[in-house]
Amino acid sequence: MSKIQLVAEANLPTEFGLFRIVGFEFPQSKKEHIALVMGDISDADTPVLARIHSECLTGDALHSLKCDCGFQLSTALRQISEEGRGVLIYHREEGRGIGLINKIRAYALQDQGMDTIEANLALGFAADERNFAVCADIFELLGVKQVRLLTNNPEKIETMRQAGINVTERVPLNVGENRYNTGYLDTKAKKMGHYIIHNNEKHFLDCPHCQAEIPHTPHK
Ligand SMILES: Nc1nc2c(ncn2[C@@H]2O[C@H](COP(=O)(O)OP(=O)(O)OP(=O)(O)O)[C@@H](O)[C@H]2O)c(=O)[nH]1
Ligand SMILES: [Zn+2]
């Protein structure tokens, strides 16, 4: 299969500041990925704050509390914007690579008591079907050789290093824990070796005004 190519680029103003949005595409399959880039990332000697964010429509766009994805996405963009320099690869591998509809099927099995891994296996998939190697190719196309990677997932670090991207530091990304995703985070830690720290300050954040056990800014 031929390598992914950089095919489009434009400005993208966001609530976190002005990014460049860069589009990538595989010539044959037309499978797409994108990156949001802020600041000058051309200085190869200074590692770039970077996030590989796997697509999660439910968490990223629909405010789902079943996972930590939406919170990680906004936190990563905010951290990049605070540094004024960084890259977020939006890796279009929905549902750990099984797709949106199969993720909904996996959620249905989780409603019946399975954990996130058991549900994938019951549907005939591997625990994680993603391939992160394309992200190394995207970093290369962007001229990024060294990254400080925002992640709790050791596999992302390993795959980048094997592909020649120097991960100089892992920057933890523990945000958005709540009563609906705490079991999911536990499973990722215990069965997938993710570095999850249960953050007691943010864990079950109680708003004194509405007592909602979800992460949000307390009401006035
Ligand atoms: N199959 C499946 N996919 C899920 C489930 N919950 C979230 N996802 C997908 O999992 C991916 C995000 O993976 P995570 O394990 O949360 O995080 P990660 O990207 O591996 O690691 P971090 O860098 O630490 O965030 C996205 O593609 C989501 O759509 C689930 O229960 N089942
Ligand atoms: Zn998610």
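Model, not experiment: these values are computed from the prediction.

Enquirer: Just checking my understanding: could you explain the site of ligand 1 for this structure?
Expert: What surrounds ligand 1 is a group of 24 residues, the closest being Arg-51, Arg-130, Thr-151, Lys-156 and Lys-188. Lys-103 places a side-chain nitrogen or oxygen 3.4 Å from an oxygen atom of ligand 1. Contact distances for ligand 1 include 2.5 Å between an oxygen atom and a side-chain N or O atom of Thr-151. Protein coverage of the free-state accessible area of ligand 1, which is 650 Å², stands at 99%. Judged by the fraction of its atoms near the pocket grid, ligand 1 is located in the largest cavity. Elements that contribute at least two residues to the shell around ligand 1 include exactly strand S4 (48-54), helix H3 (100-111), helix H4 (116-122) and helix H7 (182-192). Considering every element that reaches the shell around ligand 1, the biggest residue donor is H3, with 3 residues. For the shell around ligand 1, the residue count by class is 4 nonpolar, 10 polar and 10 charged.

Enquirer: Just checking my understanding: could you explain the coordination of the zinc ion (ligand 2) for this structure?
Expert: Metal coordination angles have textbook ideals: 109.5 degrees for a tetrahedral set of four donors and 90 or 180 degrees for an octahedral set of six. Within the first shell, the zinc ion (ligand 2) binds the protein through Cys-56 (SG), Cys-67 (SG) and Cys-69 (SG), at distances of 2.1 to 2.2 Å. For the zinc ion (ligand 2), the single-chain donor residues occur in sequence as C-x10-C-x1-C. With Cys-56 in the loop between S4 and helix H1 (57-60) and Cys-69 in helix H2 (residues 69-83), this pair connects stretches of sequence that are 13 residues apart. A relative accessible area of 4% means that Cys-56 is categorised as buried. Classification of Cys-69 as buried rests on a relative accessible area of 12%.

Enquirer: Please explain the UniProt feature "binding site: GTP" (unreviewed entry) in the protein chain as it appears in this structure.
Expert: The sites that carry the UniProt feature "binding site: GTP" (unreviewed entry) are, in the present numbering, Arg-51, Ile-52, His-53, Ser-54, Glu-55, Gln-72, Glu-94, Gly-95, Arg-96, Thr-116, Thr-151 and Lys-156. Separation in sequence by 106 residues is matched in space for these annotated residues, since their most distant C-alpha atoms are 22.7 Å apart. Residues that both appear in the annotated list above and line the largest cavity are Arg-51, His-53, Ser-54, Glu-55, Gln-72, Glu-94, Gly-95, Arg-96, Thr-116, Thr-151 and Lys-156. Note that Gln-72 resides in helix H2. Those residues in contact with Gln-72 that lie beyond four places of it in its chain are Arg-51, His-53, Asn-152, Leu-173 and Val-175. Turning to its location among the elements, Thr-116 is positioned in helix H4. Since its relative accessible area comes to 7%, Thr-116 is described here as buried. Residues in contact with Thr-116, not counting those within four places in the same chain, are Arg-96, Gln-110, Tyr-184 and Thr-187. A distance of 3.0 Å separates a polar atom in the side chain of Thr-116 from a polar atom in the side chain of Arg-96.

Enquirer: Any chance you could explain the packing of aromatic side chains here in plain terms?
Expert: Any two aromatic rings considered together are summarised by their centre-to-centre distance and by the angle between their planes. Taken as a whole and assessed by the stated rule, the structure comprises 0 aromatic pairs. The residue whose ring lies beneath Lys-66 is Tyr-107, and the NZ or CZ to ring-centre distance is 4.6 Å.

Enquirer: Explain the sheet that holds strand S5 (residues 86-91) here, please?
Expert: As a general point, the strands of a sheet are linked pairwise by backbone hydrogen bonds and lie either parallel or antiparallel. Across the sheet, which stays open at both edges, the 7 strands sit in the order S1-S2-S3-S5-S4-S6-S7 with mixed pairing between neighbours. Either end of the sheet is taken by a strand with one partner, and the two such strands are strand S1 (5-14) and strand S7 (166-171). Strand-to-strand twist of the sheet, defined as the mean angle between neighbouring strand axes without regard to direction, takes the value 25°. Pairing between S4 and S5: 5 bridges, direction parallel. Counterpart to Ile-52 in the pairing with S5 is Ile-89. Most of the contacts of H2 go to S4, to which it runs at about 160°, and overall it touches strand S2 (17-25), strand S3 (32-38), S4, S5, strand S6 (146-150) and S7. The sheet strands contacting helix H6 (residues 154-162) are S4, S6 and S7, and the helix crosses S7 at an angle near 165°.

The rules behind these values
Residues numbered from 1 in each chain as written. Chains lettered and ligands numbered in written order. Predicted model: local features only at pLDDT ≥ 70, side-chain atom pairs only at ≥ 80, totals over all residues. Heavy atoms only, no water. Near = heavy atom within 4 Å. Polar contact = N/O pair within 3.5 Å; in protein donor to acceptor, adjacent residues only side chain to side chain. Areas by Shrake-Rupley, 256 points an atom, 1.4 Å probe, with all protein chains shown as cover. 1 Å grid on protein atoms, 1.4 Å probe; cavity = no way out; pocket = protein on both sides within 12 Å on 5 of 7 lines; lining within 4 Å. Sits in = over half its atoms within 2 Å of the grid points. Helix = DSSP H or I, 4+ residues; strand = E, 2+ residues; numbered from the N terminus. Nonpolar A, V, L, I, M, F, W, Y, C, P; charged D, E, K, R; others polar. Donors = N, O, S within 2.8 Å, 3.2 Å for Na, K, Ca; no water. Buried < 20%, exposed > 50% of the residue type's maximum accessible area, 1.4 Å probe, protein only. UniProt positions renumbered as here; feature names shortened; annotations may be inferred. Contact = heavy atoms within 4.5 Å. Phe/Tyr/Trp six-rings, centres within 6.5 Å; stacked < 30°, edge-to-face > 60°. Lys NZ or Arg CZ within 6 Å of the ring centre and 35° of its normal. Pairing = 2+ DSSP bridges. Axes fitted to C-alpha atoms, helices over the stretch in contact; angles between N-to-C directions.

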